[in-house]
Amino acid sequence: AGAMVWMRPGRPVLATIAALAVSAEIHLPGDAEFHTRLESLAATNGVLRPKFHPEVYDYTLVIEDEVVKKVTFHFTLDTARYSATNLPDVLLDGRRFVYSPADANEHDVVLDESIGPFDGTLHIKVADPAGRRGVFRGENQHTYAIRILQAPEFERITTPRNLTLVSLAGRVWESDPPFSFEHPARSYTYRPRGGDVFRLYVECTQWANILLIDGEQVHDTSDIASSGKLVTLSHLRASRSIQCMYKDSRWAPEGVGNIFQVDIEETVDLSDLKVAMVVQEDQGYCAMRADKSEEYFRCRVGADSADFLLTFSDQRVAGALATDSGAEHLMYHGVEATLRIPKHPATFTLTVEGDTAPRRWPVEVLRVARCSTLRCPHGLVHKPSSERARLCLQETCSADDVDACCMKSPRCDTLDACPEGTRLRRDAASVGCGGPVCDAGRDADVCCSAPAMCDTFACGVGQRLRDDAKGIP
């Protein structure tokens, strides 16, 4: 009578004993030649190295796809070597697997559900169901070891688990937007109040093995998590870049990590803030003005550029001065900033951010002519500039600027001394000098004259000139 055998998985056929003689020889359990190897092995994900061969027992499956959650192994036995009732035992990691030639024989390996790298091994054992073949012969079995390696989720393992800003008094401040590990942002802003020094706590994931703050490595990541990084604000502001990096010889030999920006902006009450604005005296002037409820600055400048300086009643405050061209200059208390002055009238805007709505001041800027370009009327001279610029009211000087730019010229009788051999002219009190101060070098020809010699004098009756009269003044 014939016997039922399996020639390939899922393809039963009836054959006679004679027919089996031309196929693989069948050995029963307990026989020394009972076959205990797989015929094939494949995985749904990754690359199996080396390529499967029944007589190779150690493999590595590398899965580059970091989001795959499971891998399915398909394997077959060479069923032509067995009778239907005498298949070998198959054990997966020590657990018996019911092999069915009629079905697809597969096994799912659930990968590590964490976001870190996966490193695990699946053992597939094919053994003689008769067990050990005696004390000295041992067990007829072969075990295939497949090491499974999966890349970590780089984006997530390099995201900080937590960012916290704490004042020295212990108050915790929330960021904007609120920090979320599941839905992280690339930039967070904290707006604390009360103090210039805070602690920034950075907690990386367990897989990140390098922490960088502002590009400098924090060697002990546990220390940064426990004590926090001291942050001192400058002009109510500070910024820190945070990198939780992952470095691994297999997956990231150069290291990977994203940069997260942390900005800290302390808020202040601006309701009583006082602001003053000046420019260098030799360049122009600025003055605060008030129009109804609005305060504004009016600046007159006699140069292509000017050095502006702001002072605030709260010295921690900083302002942003935006020009009409859109350029913005950050202005700190007592620190000069050089701005170009347009040739046409312009309005700049000074903005200071605070606890509530920002405060803004218009700044009227006018490029004006210097008094030196004005021709003073007869009898008047330019006023001395000293250290302060003498400026006209508009882009060009006019008669309206005479009082500001000109003064009555001083009289020659104010000249300290005439050059040697000369003396003040008799009418010096009525003759004007050529500048705001009489100067011998400039005004000597106008204010001084040489005295007449005695030889020009007419002597009286009965008198005559001295012999040396020609040389006597």
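Note that the structure is a prediction, hence the values are computed from the model and not measured.

### Points about the pattern of salt bridges
Next up, step 1: Following the criterion strictly, the structure yields 18 salt bridges and no others.
Next up, step 2: A salt bridge links Arg-442 to Asp-443; the nearest nitrogen and oxygen atoms lie 2.9 Å apart.
Next up, step 3: Asp-443 gets classed as buried once you look at its relative accessible area, which sits at 2%.
Next up, step 4: Residues joined by salt bridges that share partners form a network here, namely Asp-176, Arg-191 and Glu-265.

### Re the confidence of the model for the protein chain
Next up, step 1: Residues with a pLDDT of 70 or more make up 90% of the protein chain, whose mean pLDDT is 86.
Next up, step 2: In this model, residues 1-22 is a region of pLDDT below 50 whose contacts with residues beyond four sequence positions or in other chains number 37 contacts.
Next up, step 3: Contacts from residues 222-226, a stretch scored under 50 in pLDDT, to residues over four places away or in other chains number 10 contacts.

### Brief notes about the sheet that holds strand β23 (residues 275-279)
Next up, step 1: Taken in spatial order, the three strands make up an open sheet running β23-β26-β29, and their pairing is antiparallel. The strands lining the two open edges of the sheet, one partner per strand, are β23 and β29 (337-340). The average angle at which neighbouring strand axes cross in this sheet is 35°, direction not considered.
Next up, step 2: By the bridge criterion, four bridges tie strand β26 (residues 305-312) to β29 in an arrangement that is antiparallel. Following the sheet pairing, Ser-305 is matched in β29 by Arg-340.

### Considering the state of the cysteines
Working definition of a disulfide: a covalent bond connecting the sulfur atoms of two cysteines.
Next up, step 1: Under the criterion given, the structure shown has eight disulfides.
Next up, step 2: Across the disulfide, Cys-204 is cross-linked to Cys-244 (sulfur-sulfur distance 2.1 Å). Taking the torsion about the S-S bond as the criterion, the Cys-204 to Cys-244 disulfide, at about -75°, is left-handed. Of this pair, Cys-204 sits in the loop between β16 (197-203) and β17 (210-213) while Cys-244 sits in strand β20 (residues 237-248), and the two are 40 residues apart along the sequence.
Next up, step 3: Overall, Cys-204 belongs to the buried group, its relative accessible area being 18%.

### Digging into the side chain of Asn-258
Next up, step 1: For Asn-258, the position within the fold is in the loop between β21 (252-256) and β22 (259-265).
Next up, step 2: In terms of polar contacts, Asn-258 uses its side chain to reach the side chain of Glu-155, at 3.2 Å.
Next up, step 3: Setting aside anything within four residues of it in sequence, one finds Asn-258 in contact with Glu-155, Thr-158, Arg-186, Ile-242, Gln-243 and Cys-244.

### Observations concerning the packing of aromatic side chains
Next up, step 1: In the structure shown here, the tally under the stated rule is eight aromatic pairs.
Next up, step 2: For the ring pair Phe-34 and Tyr-82, a centre distance of 5.4 Å and an interplane angle of 50° mean the geometry is tilted. Of the two residues, Phe-34 is situated in the loop between α1 (17-20) and β3 (38-43) and Tyr-82 in the loop between β6 (70-77) and β7 (89-92); the sequence distance between them amounts to 48 residues. Of the two residues, Phe-34 and Tyr-82, neither departs from the other in class, the shared state being buried.
Next up, step 3: On the numbers, 5.3 Å between centres and 50° between planes, the contact of Phe-179 with Tyr-188 is tilted. As far as burial versus exposure is concerned, Phe-179 and Tyr-188 are alike and both buried.
Next up, step 4: An aromatic cluster of three or more residues is present, and its members are Phe-52, Tyr-57, Tyr-59 and Tyr-144.
Next up, step 5: The ring of Phe-181 carries the charged tip of Arg-161 above its face, separated from the ring centre by 4.4 Å.
Next up, step 6: Over the face of the ring belonging to Phe-260 we find Arg-186, whose NZ or CZ atom lies 5.1 Å from the ring centre.

### Considering helix α5 (residues 440-447)
Next up, step 1: Residues of α5 that are buried: Asp-443, Ala-444 and Cys-447. Viewed end-on, α5 has its buried residues packed into an arc of 135°, placing them on one side of the element. For α5, the exposed residues set more than 90 degrees away from the buried face come down to Gly-441 and Asp-445.
Next up, step 2: Those residues of α5 hidden inside the fold are in contact with β34 (423-424) and β35 (448-449).
Next up, step 3: Put simply, Asp-439 is the residue that caps the front of α5, since its side-chain oxygen is 3.0 Å from the backbone nitrogen of Gly-441.

### Description of the sheet that holds strand β19 (residues 229-232)
Next up, step 1: The strand order across the open sheet formed by four strands is β13-β12-β16-β19, and the pairing between neighbours is antiparallel. Edge positions in the open sheet fall to β13 (172-173) and β19, since each of these has one partner strand only.
Next up, step 2: In this structure, strand β12 (residues 162-167) lies alongside β16, joined through six bridges in antiparallel fashion. For Leu-165, the partnering residue across the bridge sits in β16 and is Leu-200.

### Examining the pairing of β22
Next up, step 1: Bridge analysis of strand β15 (residues 187-190) against β22 gives four bridges, and the strand direction is parallel. Along β22, the bridge assignment pairs Ser-187 with Gln-261.
Next up, step 2: Relative to β22, β20 is paired through seven bridges, and the arrangement is antiparallel. Of the residues in β22, the one forming a bridge with Arg-237 is Glu-265.

Reading guide: rules and limits
Residues numbered from 1 in each chain as written. Predicted model: local features only at pLDDT ≥ 70, side-chain atom pairs only at ≥ 80, totals over all residues. Heavy atoms only, no water. Salt bridge = Lys/Arg side-chain N within 4 Å of Asp/Glu carboxyl O. Buried < 20%, exposed > 50% of the residue type's maximum accessible area, 1.4 Å probe, protein only. pLDDT = per-residue confidence, 0-100. Contact = heavy atoms within 4.5 Å. Pairing = 2+ DSSP bridges. Helix = DSSP H or I, 4+ residues; strand = E, 2+ residues; numbered from the N terminus. Axes fitted to C-alpha atoms, helices over the stretch in contact; angles between N-to-C directions. Disulfide = S-S within 2.5 Å. Polar contact = N/O pair within 3.5 Å; in protein donor to acceptor, adjacent residues only side chain to side chain. Phe/Tyr/Trp six-rings, centres within 6.5 Å; stacked < 30°, edge-to-face > 60°. Lys NZ or Arg CZ within 6 Å of the ring centre and 35° of its normal. Arc of directions from axis to C-beta.

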